[in-house]
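Below are the chains, spelled out letter by letter.
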Amino acid sequence: MSSIYTKQMVVVVLLLLLRTMDIEASRRIRNPFLQTVYEHHTNPIWDRQRLTQQFPVEKWYSCDIQQFPEHLQHLFIQCCLDNQTEVFLDKSYEKSDWFFTQMWHSLAKVFLGFVMSTTSVNGLLGRGSMFVFSTNQFRTLLGISETWKADHLLDLGAGDGAVTQQIAAHFRQITTTEMSPTMQWRLGQKGYRVVNINEWAGPTCRYDVISCLNLIDRCDQPISILHDIHRSLSPGGVAIISLVLPFKPFVESGALQNKPSEQLNIEGRSWEHQAASFINNVLLPAGFTLQSFTRLPYLCEGDMSRPFYSLDDAVFIVKADSTVL
């Protein structure tokens, strides 16, 4: 009998026992594992078919466009929950039900967290993959066809490469950067070239597309990175820049979270006001011209506590203004 089959049988038996319990008795479950198993099969947030009832899916993509200046309103592209996003969520729900794997990950994270960053722990364990946009959403934002092909993609802070894979087919050459050693290892496993974070912006380095997804709010020098992106784009090239709003920047340093040395001037409280502020106070002064932008959920695989995690992302497609810098 395989170990996987044995584990499944154990869970099935536990569920049969738990389902014979009344509600009051279930509240007295003291064993954390049994409590988790019970929650997974009674709490509606774990029911994949009830996703739109348990989570604000429409809000993930909603935008009050009237809060933006008129000259920006027509650049907003409305997205929605599509097939590739659904597939990612399917896998997240499935993985969150791998009880023994999730228990091992939780235990390992506690001990490894003393000496490694959360990102590196996730890279080592092969957990916590991210999802920003689907291939079709990428094409829509850039206004390209299925057959469009460019020479060189640079993906800054590429993590485990899961997001890179969504757009990789459109490029002949892919270069990535990543601070975490374990994530560098994961990128190498996928066949992506990894360069040092100080090497991608050399005087002869040029890229057709530069992807900078959820890095600006997690790096020490975001303004310097934006200037390097501007200088590194090929003529006619575009950059894809995203960040989580509301804006709460920090820099991972081992197990610590520090403030960045360069501060971005992002004002406002709502998603719309902060997105507009980022455009006017950061992107335009850095020498970029906005091509389009949208609101998307920044999704992450779940664990024993939740089937997945979601943050509100603002995604911007920009070109370098040749008259600036």
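In the block above lies the structure referred to throughout.
Residues numbered from 1 in each chain as written. Predicted model: local features only at pLDDT ≥ 70, side-chain atom pairs only at ≥ 80, totals over all residues. Heavy atoms only, no water.

**Quick look at the overall build of the protein**
Summing up its helical and strand segments, the protein has 14 helices and 10 strands in all. If you sum the accessible surface of the protein, you get close to 16,600 Å²; carbon and sulfur atoms cover 53% of it. (Helix = DSSP H or I, 4+ residues; strand = E, 2+ residues; numbered from the N terminus. Areas by Shrake-Rupley, 256 points an atom, 1.4 Å probe, with all protein chains shown as cover.)

**Regarding the state of the cysteines**
Going through the model one piece at a time under the given rule, you end up with 0 disulfides. With no disulfide partner, Cys80 has as its closest neighbouring cysteine sulfur the one in Cys79, 7.2 Å distant. (Disulfide = S-S within 2.5 Å.)

**Some thoughts on the sheet that holds strand 9 (residues 288–301)**
Overall, mixed pairing links the 8 strands, which are arranged 1-9-10-6-5-2-3-4 in an open sheet. The open sheet has two free edges, formed respectively by strand 1 (130–131) and strand 4 (193–194), since each of these has just one partner strand. Bridge analysis of strand 5 (residues 207–213) against strand 6 (residues 233–244) gives 6 bridges, and the strand direction is parallel. Across the sheet, the residue bridging to Leu213 is Ser242, located in strand 6. The strands touched by helix 7 (residues 83–96) within the sheet are strand 1, strand 9 and strand 10 (308–320), with strand 9 carrying the most contacts at an inclination of about 25 degrees. (Pairing = 2+ DSSP bridges. Contact = heavy atoms within 4.5 Å. Axes fitted to C-alpha atoms, helices over the stretch in contact; angles between N-to-C directions.)

**Examining the nonpolar core**
Counting 41 residues, the largest nonpolar core has Leu156, Ile229, Ile241, Phe278 and Phe316 as the members making the most contacts within it. Of all the secondary structure elements, the ones that give two or more residues to this core are strand 2 (150–156), strand 5, helix 13 (222–232), strand 6, helix 14 (271–283), strand 9 and strand 10. In terms of residue count, the dominant contributor to this core is helix 14 (7 residues). Not counting residues within four places of it along the chain, the set of residues in contact with Ile229 comprises Leu156, Trp200, Ile210, Cys212, Ala239 and Phe288. (Core = buried A, V, L, I, M, F, W, Y, C linked by side-chain atoms within 4.5 Å. Buried < 20%, exposed > 50% of the residue type's maximum accessible area, 1.4 Å probe, protein only.)

**Focus on the pairing of strand 5**
With 6 of its 7 residues buried, strand 5 lies for the most part within the structure. Note: strand 2 against strand 5, 4 bridges, orientation parallel. Following the sheet pairing, Asp155 is matched in strand 5 by Ser211. On the question of chirality, the crossover connecting strand 5 to the parallel strand 6 by way of helix 13 is right-handed. (Right-handed = clockwise from strand over helix to strand, strands pointing away.)

**Let's talk about the packing of aromatic side chains**
Summed over the entire model, instances satisfying the criterion amount to 12 aromatic pairs. Measuring from ring centre to ring centre gives 4.6 Å for Phe55 and Phe308, while their planes differ by 45 degrees; the resulting arrangement is tilted. You can see Phe55 sitting in the loop between helix 4 (51–54) and helix 5 (57–61) and its partner Phe308 sitting in strand 10, a full 253 residues away along the chain. Each member of the pair Phe55 and Phe308 is classed as buried. Between the aromatic rings of Phe278 and Phe316, the centroid separation amounts to 5.1 Å while the plane-to-plane angle is 45 degrees, which identifies the pairing as tilted. (Phe/Tyr/Trp six-rings, centres within 6.5 Å; stacked < 30°, edge-to-face > 60°.)

**Regarding the environment of Leu153**
Among the secondary structure elements, Leu153 is positioned in strand 2. A C-alpha to C-alpha distance of 6.2 Å links Leu153 and Thr175, two positions 22 residues apart in sequence. Setting aside residues no more than four positions away along its own chain, Leu153 makes contact with Thr164, Ile167, Phe171, Gln173, Ile174, Thr175, Val209 and Ser211.

**Description of the pairing of strand 10**
Sheet topology note: the strand 6/strand 10 ladder contains 7 bridges and is antiparallel. The residue of strand 10 that forms the bridge with Ser242 is Val315. Examined bridge by bridge, strand 9 and strand 10 share 13 bridges and lie antiparallel to one another. Within strand 10, the position partnered with Thr294 by the bridge is Val315.

**Some points on helix 7**
For helix 7, with 14 residues, the first-to-last C-alpha span of 20 Å sits near the 20 Å given by 1.5 Å per residue. All of the buried residues in helix 7 are Thr85, Phe88, Leu89, Ser92, Tyr93 and Ser96. Looking down the long axis of helix 7, one finds its buried residues gathered within 135 degrees of arc, a one-sided arrangement. (Expected span 1.5 Å × (residues − 1). Arc of directions from axis to C-beta.)

**Notes on the pattern of salt bridges**
Taken as a whole, this structure holds 6 salt bridges when the rule is applied. The closest approach of N and O atoms between Arg231 and Asp228, which form a salt bridge, is 2.5 Å. With a gap of 3 residues between them, Arg231 and Asp228 both fall in helix 13, about one helical turn apart. Here Arg295 and Asp312 are joined by a salt bridge, their closest N and O atoms 3.2 Å apart. Residue Arg295 is found in strand 9, and its partner Asp312 is found in strand 10; the two are separated by 17 residues along the sequence. Judged by its relative accessible area of 21%, Asp312 is partly exposed. One salt-bridge network, held together by shared partners, links Arg48, Glu86 and Asp90. (Salt bridge = Lys/Arg side-chain N within 4 Å of Asp/Glu carboxyl O.)

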